[in-house]
Amino acid sequence: MLLSGKGKHRRPSKATRIATLAGVTGAAVAAPLMATGSASAASVATWDAVAQCESGGNWSINTGNGYYGGLQFSQSSWAAAGGTQYASRADLATKGQQIATAEKLLAMQGPGAWGCAGAGNLTSGGASPNVDTSGSSSSSKQAAPKAAPKKAAPKAAPAPQRESAPASRGESRPAPVKTGDGEYKVVSGDTLGSIADAHGVKGGWQKLFELNKDVVKDANLIFPGQQLHLS
């Protein structure tokens, strides 16, 4: 955890106290302070080891204890080392941005700024970690709202279809239909041929048709209810 002047932590270095008292934050104050310690640097593996000790290696941690991110920056140390150029708090910055800011703080205060410096063998004068400071932390990204799905235009209700009548005599009759006064009454499914056969009409359906021309206009079309002469 970064060391401060409160509680169990050490007092900040003189450089940090100057930056805090002046009320200056961001990169503007970090640049002149780095000038005297540009040789201070540590590898990514070293910073990973320090972060493992400080925060369990969670680079976006914020437990509400006043220290943020994998290297547990206090808000004043984050601002003094120029971290606010990346994000308002360390936990909202990427790992690379946190390491880049830690490099500046290391140059300002030395390894003693972290209580876990020994766990990571953090020392001044190492090789530059050469981290990528572009992008933003996944914890600070907000998913863009999804566009509401377009509603399909309501389809016009299909026009009601009339059910077609079965192709049988008596279900689809032209008007007007003569009924007649014969002795046989036509029922559904009858034909002139079936009636002639059933009643032994001599001459078959042709004779039956001839006998009932005044009622039956088409030999292929008779209707239930019609009364036909059989002789």
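Above this text you will find the structure in question.
Conventions used here
Residues take numbers from 1 onward in each chain, read along the sequence in its written order. Note on the predicted model: pLDDT of at least 70 is required for a residue's local features to be given, and 80 or more for side-chain atom pairs to be given and counted; whole-chain, interface and lining totals, by contrast, use all residues. Note that the side-chain values use all heavy atoms of the structure and ignore hydrogens as well as water. Any two cysteine sulfur atoms lying within 2.5 Å of each other are counted as a disulfide. Strands are runs of DSSP state E lasting at least 2 residues, helices are runs of H or I lasting at least 4, and numbering of each runs from the N terminus. Each residue is placed in one exposure class: buried if its accessible area under a 1.4 Å probe, protein chains only, is under 20% of its type's maximum, exposed if it is over 50%, and partly exposed if it falls in between. Polar contacts, as counted here, are pairs of nitrogen or oxygen atoms within 3.5 Å of one another; within protein the pair requires one atom able to donate a hydrogen and one able to accept it, and residues that are adjacent in sequence qualify only if both atoms are side-chain atoms. Note on contacts: a residue pair qualifies if any of its non-hydrogen atoms lie within 4.5 Å across the two residues.

*Asks:* Which residues make up the state of the cysteines, and what are the values?
*Replies:* Inspection of every chain in the model, using the stated rule, returns 1 disulfide. Here Cys 53 pairs with Cys 116 through a disulfide, and the sulfurs are 2.1 Å apart. The S-S bond linking Cys 53 to Cys 116 shows a torsion near -60°; that makes this disulfide left-handed. Within this pair, whereas Cys 53 is found in helix α3 (residues 44–55), its partner Cys 116 is found in the loop between α5 (95–109) and β3 (184–185), the two being separated by 63 residues in sequence. Taking the relative accessible area as the measure of exposure, Cys 53 reaches 40% and is therefore partly exposed. Looking at Cys 116, the relative accessible area reads 11%, which means it is buried.

*Asks:* Could you give an account of the side chain of Gln 226, naming the residues involved and the relevant values?
*Replies:* Checked against the element boundaries, Gln 226 lands in the loop between α7 (204–211) and β4 (227–228). Owing to a relative accessible area of 3%, Gln 226 belongs among the buried residues under this scheme. Among the polar contacts listed, one links the side chain of Gln 226 to the backbone nitrogen of Phe 223, at a separation of 2.8 Å. With near-sequence residues (within four places) excluded, Gln 226 lies in contact with Val 177, Lys 178, Thr 179, Tyr 184, Lys 185, Val 186 and Val 215.

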